[in-house]
Amino acid sequence: MELTQIALFLVLLLLVLLGSGVWIALALLGVGWAGLQFFTNTPPGASVASSLWGSVSSWSLAALPMFIWMGEILYRTRLAADLFEGLSPWLRRIPGRLLHINVLASGIFAAVIGSSAATTATVGKIALPELLRRGYPERLVLGSLAGSGTLGLLIPPSVMMIVYGVAAEVSVARLFIAGLLPGLLVMLLFMGWVMLSGLLNAREMPPPDPPLPLGQRLRGLLKILPVLLLMVAVIGSIYAGVATPTEAASLGVLGALIIALWTRSLSWPGLLESLMGAVRTSSMIGFILAGAAVLSIAMAFTGIPAALAAWVAGLGLSKYALLAVLMLLFLVLGAFLDGISIIVLTTSVILPLAKAVGIDLLWFGIFLVIAVELAQITPPVGFNLFVLQGLSGRDIFTIARSALPFLAMLLVAAALITVFPQIVTWLPARMTGG
Amino acid sequence: MRKFLDGLYRLSGFLAGLLVVFIFLIILAQIVGRQFGVAIPSANELSGFAMAGAVFLALAPTLRAGAHIRVGVLIRRLQGKARRGLELGVGGFSLLASSYATLQLWRLVLDSYSFGDLAPGLLPLPIWIPQSLLAVGISIFTVALADTLVVLWRGEMPSYLSEGGGQE
C-alpha cells in the first residue's frame, strides 16, 4: 500500500476510536498496534511492551506526581483566600480594578502549580464568588478567570512541559526557564485587556472601594509571603542549577506540606485525598504517554513522519507559513482533544517535520504549550471551561464566549514569540547547568 | 465478589500511593545526602521505576474514579440503547487492547527474568522486579475493564461511566 493510504487509514482509525469514546491512551495504543501489525515487518509484541515500559520508567517523569501533589496540597490550604485579601487593596485604583486579581493570582499560583485546570479551580473557588458579590459583571469575571487559568501551563512548573520534555527528549529544566518570559508577556497582555475592558465597561463596574492606609496594605502583602517564597525556591533552584525539576518538585511538596501544617489547613484525610488525587492524575497522564509511545514507535517504523517532513520541506513553505498552519491545526484539535493528547500526537508525528525545517525544539515546546493553552478554553472540550462550569453553573459556550478576548491575546503572544524568538530563548541561554 | 474486586482496586491504588511517597522520600534523601557528601545508590533509577509502577498500579482505581480521559462529545449525547451499545463496543475494544498489553508486559517480565537483565546504575537490581509492578497493575486494570463490561451487559450503567465520570 502507498504510504499516503496507510497514513490516511491510521488517521481514520484514530478518529473513529477517539470519536466513539475509547479512553485516549488505549486508542493511541490500538492505532500503534495496527500500524506495526499491518504495515511493518516487525512483530508488534516486543515493541509494544518495551515502549510501555520505557515511556514511564523515567526519572524526569517522576517530577509529574510531585508537582501535581504540591498543587493538590496548596488547593486545600487558605492560600487562595490570603492571596485575594493581600492583592485586592493594591488594585482599587487601576482600570479593571479587582478583575486583575484573576490574572495576578493565577500567575502566582501558576508558579507553584503545574496545571491550568488546578490553577483555575484554586483561584476560581475564591475569586469567583468574591468578585460576583462585589458586583463585577459576570461576563468579565468568567472570561478573565478562564483566560488567566491557562497561565498554569506556561509559567513553570508545568505538567505540559514535563510531558513534552519527556516525549521530545528536551530538557525539562530548560523548558521551565524558557516559559518564564512568555508567561510574563501573556500576563501583561491579559492585564492590558482587563484594563481596556474595565474602561469600556465602566458603567457596569461596581463603585471603587475606599483606599486602605499603606500600613494595612503592606500587612496584607505579608500573607502572600509563603507562596512567594515557595515560588522562588522552586523556580530559583532550577534556574540556578542547584536542583533538577524533579528535586525542586519534591522540595515544593515539602514546602507545601509545611505551609499546610503551619496554617493548620490540612487534616489526615485531606492529606491522603491530596496524595490519591495526585496519583490518579499522574496515572491518567502517564498512561497516555505510554499509549503515545506505542504510536510513536509504530510511526517511526512506518516512516510516515519522515515522509511527511520531506513532503512539507519540498513545498518550500516559509517557517512562518508552516507555523501558522500548525497553529490552525492545533486550534481544531484543541476544540476536541485535551492538551496532553495534542502534545503526544505532535511529538509522535510532527516533530521530525519541525526539525526538518530548522525549528528549535525548545522554542517549539513553548509554542506548543501556548497552543495547548488555547485548547483549554476552546469548546466543546476545554478543561478550564469544565472547571468554571462546575464553579459557576454557566454552560461552557457562554464561558468560552467571554474568554474569547483572552484567546485572541494568546494568539498575539504566539505571534510575538514567533517574530521575536529571543523572548523564549534568552533566559535558558543564561542558565547555569540544566 | 463485588467486595473483593473493590478491595483489589483500592489495594492497587494504595500501593501506587506508597510508590509516590517513596519517590518523594528518596529524592529528599538524595538532596540531603548531597549536602553531606553521601550518595543514595541508584536514586534516579529507583524513582523512575517507582514512577512507572505508580502509573500502572493506579490505572484501575483511576478508571473507577472516572479520571481517565476520553472524548465524550458523541457518547454523552447518546441515550438509552444507543448509549449502551456504544459503551459496550468501547468497553469491548478497551478490554481487548488492555488484555493484549497485559500479555506483552508479562512476556517482557519473563524475558527479563530468564535473561537475568539488570537495571543500569550502581544497584544491580534485576529489572523484572520493577517491570512486574507494571504487569500486575495492567492486569488489575484489565480485570476492572472486564468488571465494567459485565456491569454494562447486565443493563446497568456504571456510575463512573455516566455524567461525572469519563471527563474529557
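Residues numbered from 1 in each chain as written. Chains lettered and ligands numbered in written order. Predicted model: local features only at pLDDT ≥ 70, side-chain atom pairs only at ≥ 80, totals over all residues. Heavy atoms only, no water.

Chemist: What is the right way to look at the confidence of the model for chain B in this model?
Modeler: Keep in mind that low pLDDT regions are not for reading the predicted coordinates in detail. Per-residue confidence for chain B gives a mean pLDDT of 89; residues scoring 70 or more make up 94%. Prediction confidence for the complex, expressed as pTM and ipTM, is 0.91 and 0.94 respectively. (pLDDT = per-residue confidence, 0-100.)

Chemist: Explain the interface of chain B and chain A here, please?
Modeler: By a widely used convention, the size of an interface equals the accessible area lost when the partners come together. Each partner contributes residues to the interface: chain B has 55 residues there, and chain A has 55 residues. Contact between chain B and chain A buries roughly 4,600 Å² in total, counting both sides, with carbon and sulfur atoms accounting for 80%. Considering only the surface of chain B that becomes buried against chain A, Phe-24, Ile-69 and Val-71 of chain B emerge as the three largest contributors, covering 15% of it. Counting the contacts that link chain B with chain A gives one salt bridge. Across the pair Glu-247 of chain A and Arg-34 of chain B runs a salt bridge whose closest N-O atoms are separated by 3.1 Å. Between chain B and chain A we count nine residue pairs in polar contact (both at pLDDT 80 or more) in total. Of all elements in the fold, only helix H1 (2-35), helix H2 (43-57), helix H3 (59-64), helix H4 (80-115) and helix H5 (128-153) of chain B reach the threshold of two or more residues within the side of chain B that touches chain A. (Contact = heavy atoms within 4.5 Å. Buried area = accessible area lost by both parts, 1.4 Å probe. Salt bridge = Lys/Arg side-chain N within 4 Å of Asp/Glu carboxyl O. Polar contact = N/O pair within 3.5 Å; in protein donor to acceptor, adjacent residues only side chain to side chain. Helix = DSSP H or I, 4+ residues; strand = E, 2+ residues; numbered from the N terminus.)

Chemist: Explain a nonpolar patch on the surface here, please?
Modeler: All names here are of chain A. A surface patch of nonpolar side chains, about 390 Å² in accessible area, is lined by Val-11, Leu-12, Leu-15 and Val-16. Within the element layout of this structure, Val-11 appears in helix H1 (residues 3-19). Using a relative accessible area of 47% as the deciding quantity, one classes Val-11 as partly exposed. (Patch = residues over 30% accessible without salt bridge, like charges linked within 9 Å, V, L, I, M, F, W, Y side chains within 5 Å. Areas by Shrake-Rupley, 256 points an atom, 1.4 Å probe, with all protein chains shown as cover. Buried < 20%, exposed > 50% of the residue type's maximum accessible area, 1.4 Å probe, protein only.)

Chemist: It is not clear to me how the environment of Asp-338 of chain A should be interpreted in this structure. Could you clarify?
Modeler: Position of Asp-338 of chain A among the secondary structure elements: in the loop between helix H18 (319-336) and helix H19 (339-349). Once residues within four sequence positions are removed from consideration, Asp-338 of chain A is found in contact with Ile-24 and Phe-383 of chain A together with Ile-69 of chain B. In this structure the side chain of Asp-338 of chain A is engaged in a polar contact, spanning 3.1 Å, whose partner is the backbone nitrogen of Ile-340 of chain A. Side-chain polar atoms of Asp-338 of chain A contact the side chain of Ser-341 of chain A, separated by 2.6 Å.

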